[in-house]
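# Examining the three-dimensional arrangement
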Amino acid sequence: MTIRELGEYSLVAHLCQRLEGAFGIDPQVVVGLNDDAAVVETDGVRLILTVDMQLEDVHFRRRWMPPFDLGWKAIAISLSDVAAMGGRPLAALFGVGLTGDEPVDFVDAIYDGAVALCRQTSTLLLGGDTVRSPSGLLISSVVVGVMDGEPFRRNGAQVGDTLIVTGFPGEAAAGFWLLEQNLEASGSVPDAEGRHITHCVRRFRRPTPPIAAVPVMRQFPVHAAIDISDGLVIDAERMATVSKVQIVLSLPQLPLSEPLRSAASFVGKEAMGLALTGGEDYELLLAVPASAVAELCAALTTLQIPAHPIGMVEGWQAGLPVVGVSADGSREPLRGGFQHF
């Protein structure tokens, strides 16, 4: 059987099973597999460990992704994992695979982007590795974080919880399609639409990891958290599956921003579809008690982190981890999102 035939979900489960068999249960491991990041405890300190990769022509095209933004985004997607676990970043390592034909200032710009976000988030960038990559540009990031208190997990969603999403899912996916269709620099659109286009492109190129949300979230009973990287629906499915619950998304409550609606129309996509399955958001999906929703959303908004209730948690139904509810009350299974294989 090939990896493509097995599929990404099954491949990850297969590899997790091998690792569990190799290392068993170690008392230093606070959070092991099947979450946004690992957490280990040593000498009373809890460390968060996460790694991510971006590959040319899979995650980006060199022709429309400036090197500064490559460096920024590589760090951002790992910082998002740290935020989802409820930690703060400490240090990062950075690996770059190059064809060898790139100018030195191209590589400098990649590192400038990584350094800029590390400085903004008080993360130390402590080196990494460079290799030859004949098939294209490869960027890898490792981030180590520190955990104060118990980790936020994917598997803690409880029946009756309300679901909160930060940011505006779908904007980054709209930005991707604007870039892919070479529409970013179009000079034939009204000023307002042009601003919307610029906004969505920036959301794709330079996501803002919600690190600042963590101290606020620590003040509330967050039962479960996951970062949205592959799409709202597929990441909600991951939370539902490990929590053994059903996630019900209220489609009229999804925060479809004006920039998203405008950019989606421009690229010939549905805003709702991009919000549900587009991916590349690097925002947070939280499951919290209904009594905490208003206060938590208000506290996050004060930090200029938009937060919106978008659904609730119900009892597990086999084969239906995520459903959408329309304005008329009708329900439909929701599926879809990015998978590599």
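Shown above is the structure to which this text applies.
Below or above, wherever it landed, is the structure these notes cover. (Residues numbered from 1 in each chain as written. Predicted model: local features only at pLDDT ≥ 70, side-chain atom pairs only at ≥ 80, totals over all residues. Heavy atoms only, no water.)

### Observations concerning the packing of aromatic side chains
Per the counting criterion, the structure on display carries 5 aromatic pairs. Where Trp64 meets Phe176, the ring centres are 5.9 Å apart and the plane angle is 80°; that geometry is what we call edge-to-face. Of this pair, Trp64 sits in the loop between strand S3 (45–55) and helix H3 (67–85) while Phe176 sits in helix H5 (residues 171–180), placing them 112 residues apart in sequence. The buried category is assigned to Trp64, whose relative accessible area is 5%. Its relative accessible area of 22% is what places Phe176 among the partly exposed residues. Arranged with centres 5.8 Å apart and planes meeting at 55°, the rings of Phe176 and Phe204 form a pair that is tilted. Here Phe204 lies in helix H6 (residues 191–205) and Phe176 lies in helix H5, a separation of 28 residues in the sequence. Residue classification places Phe204 among the buried residues on the basis of a relative accessible area of 1%. Chaining the aromatic ring pairs together yields one cluster made of Trp64, Phe176, Trp177 and Phe204. Stacked on the ring of Phe204, the Lys or Arg Lys73 has its end atom at 3.5 Å from the ring centre. One residue, Lys269, lies across the ring of Trp177, its end atom 4.0 Å from the ring centre. (Phe/Tyr/Trp six-rings, centres within 6.5 Å; stacked < 30°, edge-to-face > 60°. Helix = DSSP H or I, 4+ residues; strand = E, 2+ residues; numbered from the N terminus. Buried < 20%, exposed > 50% of the residue type's maximum accessible area, 1.4 Å probe, protein only. Lys NZ or Arg CZ within 6 Å of the ring centre and 35° of its normal.)

### Brief notes about the pairing of strand S12 (residues 322–325)
By the alternation rule, side chains of S12 split into Val322 and Gly324 and Val323 and Val325, which are all buried. Direction of pairing for strand S9 (residues 245–250) relative to S12: parallel, over a ladder of 4 bridges. Pairing of Leu249 across the sheet is with Gly324, part of S12. The sheet contact formed by S12 and strand S13 (residues 331–333) spans 3 bridges and is antiparallel. Each bridged residue has a counterpart across the sheet, and for Val325 the counterpart in S13 is Arg331. Taken together, S12 and the strand that follows it, S13, pair antiparallel across an intervening segment of 5 residues, in which Gly329 is found at a positive phi of about 90°. (Pairing = 2+ DSSP bridges.)

As far as function goes, none of this settles anything; it's purely spatial.
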